[in-house]
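Here's the letter readout for the chains.
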Amino acid sequence: MLAPRVVRSATRSMRVIALPLTSQYRVDGKLVEPLTYYHFVTPPEDKKANTWMNWGAAKASDMWANLGKAPEGNWKRRAFLYGERLVDRLDFEELALKSLDPSLGPRLSNIVPHGSNYSFSPVIPLVYPPSVCMSPVPDFDSLLEKRTPRHTKGFWFWLAVTPLTAPLKLIPIIPNFPFFFCVWRSWSHYRAYKASQYLEGFLHRGAIVSEASAALDAIYARYAPPLVSQPERSSEPASTASHLSDSDMGSSTRTPGARLLLTKDAVPELVKVLELSEESTFAADMYRALEQARMRPEGRNSIA
């Protein structure tokens, strides 16, 4: 079976998993490229070589999780729930990129030419399901080309806004949430920018190559949403979509030609096939990606 081979290889080196979310569709007559979620599998982190930045991020994550453990109705619990709703509105592309730590992957310097000879050239497989998409390398390149300047701009914008929230620290008892939010948004954009820049370096040197996966094909075949015919607009009430089940949301009931390629039931199976650790944010990020893919054809509603 192909699945174990894919997973064993992933534990030895970095690889990218391409998970197409939607089919190609049109908005106002314009052809829109299908949405794809990219997950990055890297070797496990060396706890002994932990940097102060990783330590600070882990500490902040623990503090945030503790807010969610507060009793219902408590201001800490309300702040946590509101923050989670904000995270749900972040582009899933940003969440995926910022989850990649370049220090855990191969070094770009390993493929820089030295005179007429090349040093050891690592190859990063871009694994994809061939039954639902062609080689995702061009799409991946296009995504990085768009995201790099976006995250550069986002980093500097939120960094400039952060000092303006400092006076709010004078308010007693209540933490300065605006300040922490600005710092977090700046850090998130910075992480996504560094990951995008890192991946572009490998991609432009031909070190990222597509690799078809029968294991992913099997999951897409098993968890494909049922096809539902497009209702006639003249006779179907506008509230029809609200009565559809979660799996039916994969059909083109919102925008002609757009449909999800996976249901949410596929996420636990993907976690199992990829053998992801309990600390991985893949499941939560994938659920967000599927929900955003369902809503995005109607108009994006995300945070800069």
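None of the values given here were measured: they were computed from a predicted structure.

*Asks:* It is not clear to me how the overall build of the protein chain should be interpreted in this structure. Could you clarify?
*Replies:* When its secondary structure is counted, the protein chain shows 9 helices and 8 strands. Scored against the burial criterion, the 304 residues of the protein chain give a buried share of 41%. Nonlocal contacts in the protein chain, meaning residues at least 24 apart in sequence, comprise 74% of its contacts between residues at least 6 apart. Element-wise, carbon and sulfur atoms account for 59% of the exposed surface of the protein chain, whose accessible area totals about 17,200 Å².

*Asks:* Just to check I follow, could you spell out helix α3 (residues 75-88) for this structure?
*Replies:* Owing to its 3.6 residues per turn, the α-helix brings residues three or four apart onto one side. Helix length check: α3, at 14 residues, gives a terminal C-alpha distance of 20 Å against a target of 20 Å (1.5 Å per residue), a fit within 8%. The complete set of buried residues in α3 reads Arg77, Ala79, Phe80, Gly83, Leu86 and Val87.

*Asks:* I'm lost on the sheet that holds strand β1 (residues 15-20) in this one. Help?
*Replies:* Strand pairing in a sheet relies on backbone hydrogen bonds. The paired strands run either parallel or antiparallel. If you walk across this open sheet you meet the 4 strands as β4-β1-β7-β8, and the pairing is mixed. The sheet is open, and its two edges are formed by β4 (36-41) and β8 (208-212), each paired on a single side. Taken over all neighbouring pairs, the strand axes of this sheet differ in orientation by 25 degrees on average, direction set aside. Relative to β4, β1 is paired through 6 bridges, and the arrangement is antiparallel.

*Asks:* Sorry, what's going on with the packing of aromatic side chains here?
*Replies:* Aromatic ring pairs are reported here in terms of the distance separating the ring centres and the angle at which the planes meet. According to the stated counting rule, one finds 11 aromatic pairs in the structure shown. Taking the centre distance of 5.4 Å and the plane angle of 45 degrees together, the rings of phenylalanine 155 and tyrosine 190 count as tilted. With phenylalanine 155 in helix α5 (residues 137-161) and tyrosine 190 in helix α6 (residues 177-204), this pair connects stretches of sequence that are 35 residues apart. Phenylalanine 155 gets classed as buried once you look at its relative accessible area, which sits at 19%. Given a relative accessible area of 31%, tyrosine 190 falls into the partly exposed group. Ring centres of phenylalanine 157 and tryptophan 158 lie 5.2 Å apart, and the angle between their planes is 80 degrees; this geometry places the pair in the edge-to-face category.

*Asks:* Explain the side chain of serine 213 to me, please; I cannot follow it from the model alone.
*Replies:* Of note, serine 213 is situated in the loop between β8 and α7 (214-222). A distance of 3.2 Å separates a polar side-chain atom of serine 213 from the backbone nitrogen of leucine 216.

*Asks:* I keep staring at α7 and nothing clicks. Help me out?
*Replies:* Along α7, the residues classified as buried are Ala215, Leu216, Asp217, Ile219 and Tyr220. Near the N-terminus of α7, the side chain that reaches the backbone nitrogen of alanine 215, with its oxygen 3.4 Å away, is that of serine 213.

*Asks:* Whenever I open this one, the pattern of salt bridges confuses me. Can you help?
*Replies:* Between side chains of opposite charge, a pair can form as their charged atoms come close. Counted according to the given criterion, the structure contains 10 salt bridges. Across the pair arginine 77 and glutamate 72 runs a salt bridge whose closest N-O atoms are separated by 3.1 Å. Overall, the relative accessible area of 17% leaves arginine 77 in the buried class. We classify glutamate 72 as exposed; its relative accessible area is 61%. In this structure, glutamate 291 and lysine 264 form a salt bridge, with 3.5 Å as the shortest nitrogen-oxygen distance. Remark: lysine 264 occurs in the loop between α7 and α8 (266-274) and glutamate 291 occurs in helix α9 (residues 282-295); sequence separation between them is 27 residues. Assessed through its relative accessible area of 28%, glutamate 291 is described here as partly exposed. Residues joined in a network through salt bridges with shared partners are Glu84, Asp88, Asp285 and Arg288.

*Asks:* Is there a simple way to explain the environment of lysine 153 in this structure?
*Replies:* If you trace the backbone, lysine 153 turns up in helix α5. Separated by 33 residues in sequence, lysine 153 and serine 186 place their C-alpha atoms 9.7 Å apart.

About the criteria used
- Residues numbered from 1 in each chain as written.
- Predicted model: local features only at pLDDT ≥ 70, side-chain atom pairs only at ≥ 80, totals over all residues.
- Heavy atoms only, no water.
- Helix = DSSP H or I, 4+ residues; strand = E, 2+ residues; numbered from the N terminus.
- Buried < 20%, exposed > 50% of the residue type's maximum accessible area, 1.4 Å probe, protein only.
- Contact = heavy atoms within 4.5 Å.
- Areas by Shrake-Rupley, 256 points an atom, 1.4 Å probe, with all protein chains shown as cover.
- Expected span 1.5 Å × (residues − 1).
- Pairing = 2+ DSSP bridges.
- Axes fitted to C-alpha atoms, helices over the stretch in contact; angles between N-to-C directions.
- Phe/Tyr/Trp six-rings, centres within 6.5 Å; stacked < 30°, edge-to-face > 60°.
- Polar contact = N/O pair within 3.5 Å; in protein donor to acceptor, adjacent residues only side chain to side chain.
- Salt bridge = Lys/Arg side-chain N within 4 Å of Asp/Glu carboxyl O.

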